[in-house]
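Take a look at the letters that make up each chain.
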Amino acid sequence: VQLVESGGGLVQPGGSLRLSCTASGFTFSAYYMNWYRQAPGKERELVARISSAGYGTNYADSVKGRFTISRDNGKNTVYLQMNSLKPEDTAVYYCNTLITKNYWGQGTQVTVSS
């Protein structure tokens, strides 16, 4: 199992970024996919979750209405569209799936700063 994130970077408050996570080594379309984040000095937290077919999504209260999770099962990729970014969204963002155990990507840094 391999999860590879991309799309992070530095953005000004109010800006947007789209993260991507490309998966391999398992039947992508059969599993829920998650985005987590971890800010310095804080615990890793669940940001968004999407069901295997993409019809069900859940979000942390702190990102509802600003972030959108989606997936393309034909491309084995899950996305996180982040709009109206705030400085408190600054964190390393991780892609995750639970199969027989938790699998994690290497993370991508998102920094929101003027």
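First things first, this report covers the structure right here in the doc. These numbers were taken from a predicted model, which means no experiment stands behind them.

### Digging into the sheet that holds strand E7 (residues 67–72)
Read from one edge to the other, the open sheet built from four strands follows the order E1-E3-E8-E7, with strand pairing classed as antiparallel. Two strands in the sheet have a free side with no partner beyond their single neighbour: strand E1 (2–6) and E7. Looking at each pair of strands side by side, their axes are set apart by 15° on average, direction ignored. With six bridges connecting them, strand E3 (residues 17–24) and strand E8 (residues 77–82) associate as antiparallel partners. Bridge assignment links Thr22 to a residue of E8, and that residue is Thr77.

### Regarding the pattern of salt bridges
Scanning the entire structure with this criterion turns up four salt bridges. We note a salt bridge from Asp89 to Arg37, for which the minimum N-O separation is 2.9 Å. With Asp89 in the loop between E8 and strand E9 (91–98) and Arg37 in strand E4 (residues 33–38), the pair connects residues that are 52 residues apart, well separated along the chain. Across this residue pair, the class does not change: Asp89 and Arg37 are buried. Bridged by salt links that share partners, the residues Arg37, Glu45, Arg66 and Asp89 form one connected network.

### Focus on the nonpolar core
With 27 residues, the main nonpolar core has Trp35, Val78, Leu80, Met82 and Tyr93 as its most contacted residues. Among the secondary structure elements, those contributing two or more residues to this core are E3, E4, strand E5 (45–50), E7, E8, E9 and strand E11 (108–112). Of the residues forming this core, the biggest block, four residues, is contributed by E3. Apart from the residues lying within four places of it in its own chain, the contact partners of Tyr93 are Glu5, Leu19, Trp35, Tyr36, Arg37, Val47, Phe67, Leu80, Met82, Gly107, Thr108 and Val110.

### Description of the packing of aromatic side chains
In total, this model carries four aromatic pairs according to the counting rule given. Judged by centre distance (5.9 Å) and plane angle (65°), the ring pair of Phe26 and Tyr31 falls under edge-to-face. What makes Tyr31 partly exposed here is its relative accessible area of 27%. Consider the rings of Tyr36 and Trp104, whose centres lie 4.9 Å apart with planes at 70°: the pair is edge-to-face. Taken as a pair, Tyr36 in strand E4 and Trp104 in strand E10 (residues 102–104) lie far apart in primary sequence, 68 residues in all. Here Tyr36 falls in the buried class, since its relative accessible area comes to 17%. Through pairs of rings, three or more aromatic residues link up here, namely Phe26, Phe28 and Tyr31. The side chain of Arg44 reaches across the aromatic face of Tyr94, ending 3.8 Å from its centre. For Arg71, the ring lying beneath its charged end belongs to Phe28, and the centroid distance is 4.4 Å.

Definitions and limits used
Residues numbered from 1 in each chain as written. Predicted model: local features only at pLDDT ≥ 70, side-chain atom pairs only at ≥ 80, totals over all residues. Heavy atoms only, no water. Pairing = 2+ DSSP bridges. Helix = DSSP H or I, 4+ residues; strand = E, 2+ residues; numbered from the N terminus. Axes fitted to C-alpha atoms, helices over the stretch in contact; angles between N-to-C directions. Salt bridge = Lys/Arg side-chain N within 4 Å of Asp/Glu carboxyl O. Buried < 20%, exposed > 50% of the residue type's maximum accessible area, 1.4 Å probe, protein only. Core = buried A, V, L, I, M, F, W, Y, C linked by side-chain atoms within 4.5 Å. Contact = heavy atoms within 4.5 Å. Phe/Tyr/Trp six-rings, centres within 6.5 Å; stacked < 30°, edge-to-face > 60°. Lys NZ or Arg CZ within 6 Å of the ring centre and 35° of its normal.

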